[in-house]
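Close look at the chain arrangement
Here's the letter readout for the chains.
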Amino acid sequence: MSHQHGKQIKNDRVYEALINQGNSKEKSARIANAQANPEMHPAKKGGKAQPYENWNKAELYKRAQTLTINGRSNMNKEELIEALRAH
């Protein structure tokens, strides 16, 4: 049963499903809101970036910085990849 998460979450059903899959609240909200927006097509736009394993550490660090992942300066490449995927 879906319940309201406030007006900041545009698609409660998708949000709850993503949370139940183990995604973070932030990631779940981004995806749920993108799917609820008729001008965005997240399923059509996804999958164009290279896998994180193909990125160098500086690129991974910059992406982690953009997403404000804590502890990124002490992480090695594998840890950055894990943190980015968990975010």
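As a reminder, the structure under discussion sits directly above these lines.
Throughout what follows, the structure given in this document is the object of discussion. What you see is a predicted model; the values in this text were computed from it and never measured.

Cut-offs and rules
Counting restarts for each chain: residues are numbered from 1 in the order of the written sequence. Confidence filtering applies because this is a predicted model: local features only for residues at pLDDT of at least 70, side-chain atom pairs given and counted only at 80 or more, and all residues used for totals across whole chains, interfaces and linings. Computation of side-chain values covers all heavy atoms of the structure but excludes hydrogens and water. Three labels apply to residues, based on accessible area from a 1.4 Å probe with only protein chains included: buried if under 20% of the type maximum, exposed if over 50%, partly exposed otherwise in between. The numbering of helices and of strands both runs from the N terminus, where a helix is a DSSP run of H or I of at least 4 residues and a strand a run of E of at least 2. To obtain the arc, one takes the directions from the helix axis to the C-beta atoms. The contact criterion used is simple: two residues touch if any of their non-hydrogen atoms lie within 4.5 Å. Between N or O atoms, a polar contact is any pair within 3.5 Å; within protein, one atom must be a potential hydrogen donor and the other a potential acceptor, and residues adjacent in sequence are included only when both atoms are from side chains. Between the first and last residue of a helix there are one fewer steps than residues, each counted as 1.5 Å, and that sum is the expected span. Any carboxyl oxygen of Asp or Glu within 4 Å of a side-chain nitrogen of Lys or Arg constitutes a salt bridge here. Axes here mean lines fitted to C-alpha atoms, for a helix over just the part in contact, with angles spanning 0 to 180 degrees between N-to-C directions. By the definition used in this description, the sense in which the near helix is turned from the far one sets the handedness, with an anticlockwise turn below a right angle giving left-handed and a clockwise turn giving right-handed. Note on residue classes: Ala, Val, Leu, Ile, Met, Phe, Trp, Tyr, Cys and Pro are nonpolar, Asp, Glu, Lys and Arg are charged, and everything else, Gly too, is polar. To define a nonpolar core, start from buried Ala, Val, Leu, Ile, Met, Phe, Trp, Tyr and Cys residues and group those joined through side-chain atoms within 4.5 Å.

Right, let's get into helix H5 (residues 77–86). Listing the buried residues of H5 in full gives Leu80, Ile81, Ala83 and Leu84. On an axial view of H5, the arc spanned by its buried residues comes to 165 degrees, and they lie on one face. Pointing more than 90 degrees away from the buried face of H5 are the exposed residues Glu78, Glu82 and Ala86. Taken together, the buried residues of H5 touch helix H4 (57–66). Its side-chain oxygen placed 3.1 Å from the backbone nitrogen of Glu78, Asn76 serves as the N-cap of H5.

We now examine helix H2 (residues 25–36). For H2, built from 12 residues, the straight-helix expectation of 16 Å at 1.5 Å per residue is met to within 8% by its first-to-last C-alpha distance of 16 Å. All buried positions along H2 are accounted for by Ser28, Ala29, Ala32 and Ala34.

Turning our attention to unusual backbone geometry. For Thr68, which is not a glycine, the phi torsion comes out positive at approximately 50 degrees. Positionally, Thr68 belongs in the loop between H4 and H5. Residue Thr68 is classed as exposed on the basis of its relative accessible area, which comes to 57%.

Turning our attention to the pattern of salt bridges. Evaluation of the coordinates by the stated rule reveals two salt bridges. Notably, a salt bridge pairs Arg30 with Glu26, separated by 3.3 Å at the nearest N-O pair. Of this pair, Arg30 and Glu26 are both found in helix H2, four residues apart, which corresponds to roughly one turn of the helix. Residue Glu26 is classed as partly exposed on the basis of its relative accessible area, which comes to 44%.

Look at helix H1 (residues 12–20) against H2: their axes get within 8 Å of each other, and the N-to-C directions meet at 145 degrees. As H1 packs across H2, the resulting crossing turns out to be right-handed. Seen from H1, the contacting residues are Val14, Tyr15, Leu18 and Ile19; seen from H2, they are Lys25, Ser28, Ala29, Ile31, Ala32 and Gln35. Looking at the contact of H1 with H2 residue by residue, the classes come out as seven nonpolar, two polar and one charged.

Note that soluble globular proteins tend to have their nonpolar side chains buried in a common cluster. Tyr52, Trp55, Leu60, Ala64, Leu67, Ile69, Met75, Leu80, Ile81, Ala83 and Leu84 together form the largest nonpolar core, which totals 11 residues. Of all the secondary structure elements, the ones that give two or more residues to this core are H4 and H5. By residue number, the principal contributor to this core is H5, which donates four residues. What Leu80 contacts, discounting residues up to four positions off in sequence, is Lys57, Leu60, Tyr61, Ala64, Arg72 and Met75. With six residues, the next largest nonpolar core counts Val14, Tyr15, Leu18 and Ala32 among its residues.

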